[in-house]
Amino acid sequence: MLKLKPKFDLHRDVECDILRKEASVCRVKEYSGEVDTRILNIERDGGILYSWKGATGTTRIGKLDPNTKQNKLLYTFDKQVCVSSCSLNKEETLLAVSLAQNTRGEERLKPISKCLTLLIEIHPINNTKVLKAVDCRVKVQFLNSETDRRSVLESHLLLITEDGYVDLYHVLLTKQEGYRVVMANPERLTKTAERIVEDFHWVQWDGHTQRLYHLTHNVKFLMRCVQFYPNHNCEIMLEFPLELPANPFSTVKFVNLGFDHYHMERPEQELVRMEVFTNRIESSMCVCYSQLIKDKHEVMYTVVLLHKDCSKTFRESLGSDQSSQKASQLHPLFIPIGYYILVYLQGYFLHCINTRQQEMLCHSLFLSGPDVDLGLQCPSANITVLHSEEDSNGKLLDQATGRIHSAELSSAYLLQILRSDTRSRCPSGKTEPQRLAALHCLLVYMGNDPNLELKVIEWLCDNVNAFESFDQIQEFILASLYRISFEKSLSLDKVLPYSSVLDKKKIPVCLSEVPGVSCTADLHVESVFKGKARSLQGFWSELQWNTERTKYLDAVPNPRYRTAYIQADWDKLMSGRRPSSLTGHTEENTKKVLSMVDTWCLDKKLVPLFQEEDRQQRALIGLTVDKLREHLNRHLPRLGKKKIDSLVVNYVAKLLELIRHMLESVWLKCKLGPCVLCLSSTQQGSPAEWSVFHFMSRILEATRGLCLPLPPGYHTLLSVFAVRVLPHHTFLQYIDHGVLQLTETFVSRIMTDLDNSDANERLKFSILKRLPEPMEQRIYHMWDHPVSSASISRDYVRTMLEKHNKNKGFAFTGRDKPGFRPEFLPLTYLAKILSDIEEQAVNPFEEQENVDARFVEETALKQTLILLGFEEK
């Protein structure tokens, strides 16, 4: 499921270098002693601080530079000490350490504190200042804000204690002899410390964003976030309550504050394990915590999605055997991968939670069973997740081996889920939710990879028939458009469709539930934003905007655009009527969309689309732009009309381009040449052409279900494939059932490209019968056939007689009367004149009978036949 890339190896990158240096100190060729190298901390710049036992009974502290991969000795203690916490300032002039004091042996009789916190000058090594000597653990962490100042003669240090308070030390520095950096007034250092947090139970540091999260309790548990600014001022930016059990922590919990190798708490002693993850790109914040449930073989974990103003609590049953009882006393790992949070309990389950599309369980991938494996080479209890907002993918530290890996979702694994054979799984449909979740992960999260997108399209072509619970082609179209639009503006997250499942009147049970997992949702988080939301990266203002927008959209009906908005107008267009909503502006929308597609497709001429006038699709394109623009203006007025207009036109243009891209991909996959567009060939269509026709038919079905337009020329291309691969009677049935639409371009090609063999003549006559009258008259001019010539002659005579009749003042309106035979136009014209004269004449004699028009018509016909020599007088 995970693709792990090695980033750091303690033995390879550090220990080998240390052994060479210790051998040099001892003046031996190869040092054989134990160095006991331990990672202490990872600073904001990626530098790794570590300690080791020196050859002469000392303890040394070093740093690995992340850019040069060079190791640097920072400080050496003259005896072996237990370093429980360590931090280095940005300028590498000060080193802060906390030492766990050894109270064994002779030193047990001496009055000694459990923890000694020191501040050491190391540029060069000079004075050492004792900051604290207390009987509780103390974590040290320098602030490391980005600043433009070249020469910084101050540092700022956080001391975070197990007693539940945080002090901020402002250390002023001075230069001596031009290069020595020392503390100014070190005796006043402890007196000027600033208390910024008191009475916390849990604390987490985020070095990349310079934020401190902490949990306090009065009446209820309250999560707060303190933001540190480049001027080293700080303020509480956010607070919100959390539902936690009573006494969730036996001692204060430190998260992301280095690695204490002398105080390792057993997992079963932790009733609650909690972590906070933020994502700068998504402007999101998630609080994840798991709870141990005594006497029950299940795991309980909660994910608070602050940016979505909701939280979800999951309970996963582990079974009833002894091993599951042991596993229920372990906490799962929380691993951030982009906007996914992976919840992993080794050997039992993996829940890949989608924090962007969280409405339904089916868009989050859930896998269970002993085969679930992240590819870790060690027990998950040894793994520590390293936090980094700059890199949205988490890093995993194996504390036993000192190896760090970056973690990414494996596209190959997700494709394997798509391609799995459902026939070998039971009950039926069990894998469909997993396929849907994997499909969305591939399309939305990984969709920028064109090679991966091509593999998904090939899978669609090989699995054309829709699944029972969802239509994979509809999902491909909506998810791809959602990803493209989301990249343009994060605000579109809650207003654009991303899945056709949401439009179903009745959602299948397999998509709304996960077997063995219960989910409870809380649709409101009482978050309170404080401060001025002035983060340099704009994170807080964006998070606040996300939260407020979510609350608003959750309160209004139907904030997400649905195809039902366009259904009535769509039905009118499909039936040949013109909706009242169509205006001249609608045609302008269409021109904007098609001009944008033309710009993108100058070098894409493999599939003949966008090359003809398709009035129906042009109307649908303009109508879609109008309805979508109206929806966005209603719900996102903050974006402005100009921005919304650009987003909507781009959305519809990308839709048409996406369908063209799907066809081109399948065209190349099936290795079709230009001959497939030739109608004059007597050869039956190949299996490859049948595959393309079937795929195009499914695209047509999917877009009709979503009321989405198609590229102009799509119906023509589909009909060309249909007439090549289908028997003629089946082809006509496809027309009668509305699957195929006869376009003028296609019919004109049928008339000109096909010869007049008996079969082709029957096909042409059958097509002509199904055409509307205006198109039928135009098509007759393209067919070189006696029937078309007769039709053209009749039309010509009718036109001439109507013109003459108009000049004489008579209206030629009686064609539809049952007493006339329009097949012989001169005779019809004569009868019409007599009938009109009869109606207009004033008869002074009441007893005079009317002229019998029927008699006159039959007499005239008789006379004509005699004149032509067909009958004798």
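What this report covers is the structure whose coordinates are included nearby. (Residues numbered from 1 in each chain as written. Predicted model: local features only at pLDDT ≥ 70, side-chain atom pairs only at ≥ 80, totals over all residues. Heavy atoms only, no water.)

## A look at the environment of glutamate 453
Phase 1 of the analysis: Along the chain, glutamate 453 falls in helix 5 (residues 450–462).
Phase 2 of the analysis: Sequence separation between glutamate 453 and leucine 443 is 10 residues, and the spatial gap between their C-alpha atoms is 7.0 Å.
Phase 3 of the analysis: With residues up to four places along the chain from it excluded, the contact list for glutamate 453 reads Phe476, Arg483, Leu658 and His661.
Phase 4 of the analysis: Polar contacts involving the side chain of glutamate 453 include one to the side chain of histidine 661, which spans 3.2 Å. (Helix = DSSP H or I, 4+ residues; strand = E, 2+ residues; numbered from the N terminus. Contact = heavy atoms within 4.5 Å. Polar contact = N/O pair within 3.5 Å; in protein donor to acceptor, adjacent residues only side chain to side chain.)

## Quick word on unusual backbone geometry
Phase 1 of the analysis: A cis amide bond links histidine 123 to the next residue, proline 124, at an omega of -10°.
Phase 2 of the analysis: Mapped onto the fold, proline 124 is located in the loop between strand 8 (115–122) and strand 9 (125–134).
Phase 3 of the analysis: Even without being a glycine, glutamate 92 presents a positive backbone phi close to 60°.
Phase 4 of the analysis: Inspection of the secondary structure assignment puts glutamate 92 in the loop between strand 6 (83–88) and strand 7 (94–100).
Phase 5 of the analysis: For glutamate 92, a relative accessible area of 19% translates into the label buried. (Buried < 20%, exposed > 50% of the residue type's maximum accessible area, 1.4 Å probe, protein only.)

## Observations concerning the packing of helix 3 (residues 411–419) against helix 4 (residues 432–445)
Phase 1 of the analysis: Two numbers describe how helix 3 lies on helix 4: the axes approach to 9 Å, and their chain directions differ by 140°. On the basis of the axis angle, helix 3 is oblique to helix 4. Every pair of crossing elements has a handedness; the one defined by helix 3 and helix 4 is left-handed. Here Ser411, Leu414, Leu415, Ile417, Leu418 and Arg419 of helix 3 lie close against helix 4, whose contacting residues are Gln434, Arg435, Ala438, Leu439, Cys441 and Leu442.
Phase 2 of the analysis: In the contact of helix 3 with helix 4, the residues fall into eight nonpolar, two polar and two charged. (Axes fitted to C-alpha atoms, helices over the stretch in contact; angles between N-to-C directions. Parallel < 35°, antiparallel > 145°, perpendicular 65-115°, else oblique. Left-handed = near helix turned anticlockwise from the far one by under 90°. Nonpolar A, V, L, I, M, F, W, Y, C, P; charged D, E, K, R; others polar.)

## Let's talk about the sheet that holds strand 29 (residues 395–398)
Phase 1 of the analysis: Ordered in space as 1-30-29-28, the four strands form an open sheet in which the pairing is antiparallel. The outermost strands of the open sheet, each flanked by one partner alone, are strand 1 (2–9) and strand 28 (383–386). Neighbour to neighbour, the strand axes of the sheet diverge by 30° on average, direction disregarded.
Phase 2 of the analysis: In this sheet, strand 30 (residues 403–409) lies alongside strand 29 in antiparallel orientation, the contact comprising four bridges. Following the sheet pairing, leucine 397 is matched in strand 30 by isoleucine 404. (Pairing = 2+ DSSP bridges.)

## Section: helix 1 (residues 10–26)
Phase 1 of the analysis: The end-to-end C-alpha separation of helix 1 is 22 Å, in line with the 24 Å expected for 17 residues at 1.5 Å each.
Phase 2 of the analysis: Among all positions of helix 1, only Leu10, Asp13, Val14, Glu15, Asp17, Ile18, Glu22 and Ala23 are buried.
Phase 3 of the analysis: The inward-facing, buried residues of helix 1 abut strand 1, strand 2 (38–42), strand 3 (48–53), strand 4 (59–64) and strand 5 (71–77).
Phase 4 of the analysis: In this structure aspartate 9 caps helix 1, since a side-chain oxygen of it lies 3.0 Å from the backbone nitrogen of histidine 11. (Expected span 1.5 Å × (residues − 1).)

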